[in-house]
Amino acid sequence: MWEATSRSLAGLASGGRAADRYRIAGTRLYVTRGITTTTTEQYEIALLFDIDVRQTLVQKARSIGDVVVHVRRGWGHDTVILQSVSEPMRVRDMLNQMAERAQRHQQRDW
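Structure report, in brief.

**Section: the overall build of the protein chain**
Here's step 1: Each helix and strand in the protein chain was counted, giving three helices and seven strands.
Here's step 2: Secondary structure of the protein chain in N-to-C order comes out as β-α-β-β-β-β-α-β-β-α.
Here's step 3: Among the 110 residues that make up the protein chain, the fraction classed as buried is 35%.
Here's step 4: Sequence-distant contacts, at least 24 apart, represent 36% of the contacts inside the protein chain between residues at least 6 apart.
Here's step 5: Only carbon and sulfur atoms are counted for the fraction: they give 50% of the accessible area of the protein chain, which is about 6800 Å².

Written out as structure tokens, the structure reads:
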């Protein structure tokens, strides 16, 4: 449905090997980090809330930014940062729309 790779300077300098990868498939957001040892975390789209964008001056010049995603968890909430993604405002809007649709769908099922 949607995939992106971090366009951070570290990722670019390593030829993409050190870049985080982000993917939405079905009802989940997947975040994969690491080079030799990788970790993939998954987050239910319906549990996403309060999605923000942060951009440094350098990121603005490169048309990238960080999308800060807050996720509801059983004990409170978690924060996930999609670092240095292209078109961060569009990504924020897309995640907001998907989360709202998933939440409405869950409410109907209850």
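**Observations regarding the side chain of Asp-20**
Here's step 1: Structurally, Asp-20 can be placed in the loop between helix H1 (9–13) and strand S2 (21–25).
Here's step 2: For Asp-20, a relative accessible area of 9% puts it in the buried group.
Here's step 3: Within the local environment of Asp-20, its side chain forms a polar contact with the side chain of Tyr-22, the two groups lying 3.5 Å apart.
Here's step 4: In this structure the side chain of Asp-20 is engaged in a polar contact, spanning 3.0 Å, whose partner is the side chain of Arg-33.
Here's step 5: Once residues lying within four places of it in the same chain are set aside, the contact partners of Asp-20 are Ala-4, Thr-5, Ser-6, Thr-32, Arg-33, Gly-34 and Gln-83.

**Quick word on the side chain of Ser-84**
Here's step 1: Among the structural elements, Ser-84 can be located in strand S7 (residues 76–86).
Here's step 2: Of the polar contacts made by the side chain of Ser-84, one reaches the side chain of Gln-59; its length is 3.4 Å.
Here's step 3: Discounting residues that sit within four places of it in the chain, Ser-84 has contacts with Thr-5, Ser-6, Arg-7, Ser-8, Gln-59, Ile-64, Gly-65 and Asp-66.

**Some remarks on the pattern of salt bridges**
Here's step 1: Scanning the entire structure with this criterion turns up five salt bridges.
Here's step 2: Its salt-bridge partner being Glu-44, residue Arg-28 comes within 2.8 Å of it at the nearest N-O pair. You can see Arg-28 sitting in strand S3 (residues 28–33) and its partner Glu-44 sitting in strand S4 (residues 39–44), a full 16 residues away along the chain.
Here's step 3: The salt bridge partner of Arg-90 is Glu-87, with a shortest N-O separation of 3.2 Å.
Here's step 4: Owing to a relative accessible area of 41%, Arg-90 belongs among the partly exposed residues under this scheme.

**Side note on the layout of surface pockets**
Here's step 1: Taken as a whole, the largest pocket spans an internal volume of roughly 180 Å³.
Here's step 2: Lining the largest pocket, in full, are Met-1, Gly-26, Thr-27, Glu-44, Ile-45, Ala-46, Met-98, Arg-101, Ala-102, His-105 and Gln-106.
Here's step 3: For the lining of the largest pocket, the element with the most residues is helix H3 (residues 88–109), which contributes five residues.

**Here's the deal with the pairing of S4**
Here's step 1: Across six bridges, the pairing between S3 and S4 is antiparallel. For Tyr-30, the partnering residue across the bridge sits in S4 and is Gln-42.
Here's step 2: Between the end of S3 and the start of S4, which pair antiparallel, lie five residues, with Gly-34 showing a positive phi angle near 115°.

About the thresholds
- All residue numbers refer to position in the chain's written sequence, counted from 1.
- Restriction of local features to residues with pLDDT of at least 70 applies here, the model being predicted, together with a cutoff of 80 or more for giving and counting side-chain atom pairs; totals for whole chains, interfaces and linings are based on all residues.
- To get the side-chain values, all heavy atoms of the structure are used, and hydrogens and water are removed first.
- Under the DSSP-based scheme used, a helix requires at least four consecutive residues in state H or I and a strand at least two consecutive residues in state E, with every element numbered from the N terminus.
- Buried residues are those whose accessible area, probed at 1.4 Å on protein chains only, stays under 20% of the maximum for their type, while exposed residues exceed 50% and partly exposed ones sit between those limits.
- Here a residue-residue contact requires only that any non-hydrogen atoms of the pair lie within 4.5 Å.
- Note on areas: these come from Shrake-Rupley sampling with a 1.4 Å probe, and a residue is covered only by the protein chains present in the view.
- We define a polar contact as two N or O atoms separated by no more than 3.5 Å, with the added condition that, inside protein, one atom must be a possible hydrogen donor and the other a possible acceptor, whereas residues neighbouring each other in sequence contribute only through side-chain atom pairs.
- Here a salt bridge means any side-chain nitrogen of Lys or Arg lying within 4 Å of a carboxyl oxygen belonging to Asp or Glu.
- A cavity, in this analysis, means grid points on a 1 Å lattice covering only the protein atoms where a 1.4 Å probe fits yet has no way out; a pocket is instead an open set bounded by protein on both sides within 12 Å along at least five of seven lines, and a residue lines either one if it has an atom within 4 Å of a point.
- Grid points are joined across faces, edges and corners, and a volume is the space filled by probe spheres set on the points.
- For two strands to count as paired, DSSP must find a minimum of two bridges between them.

Nothing here speaks to function; it is all geometry.
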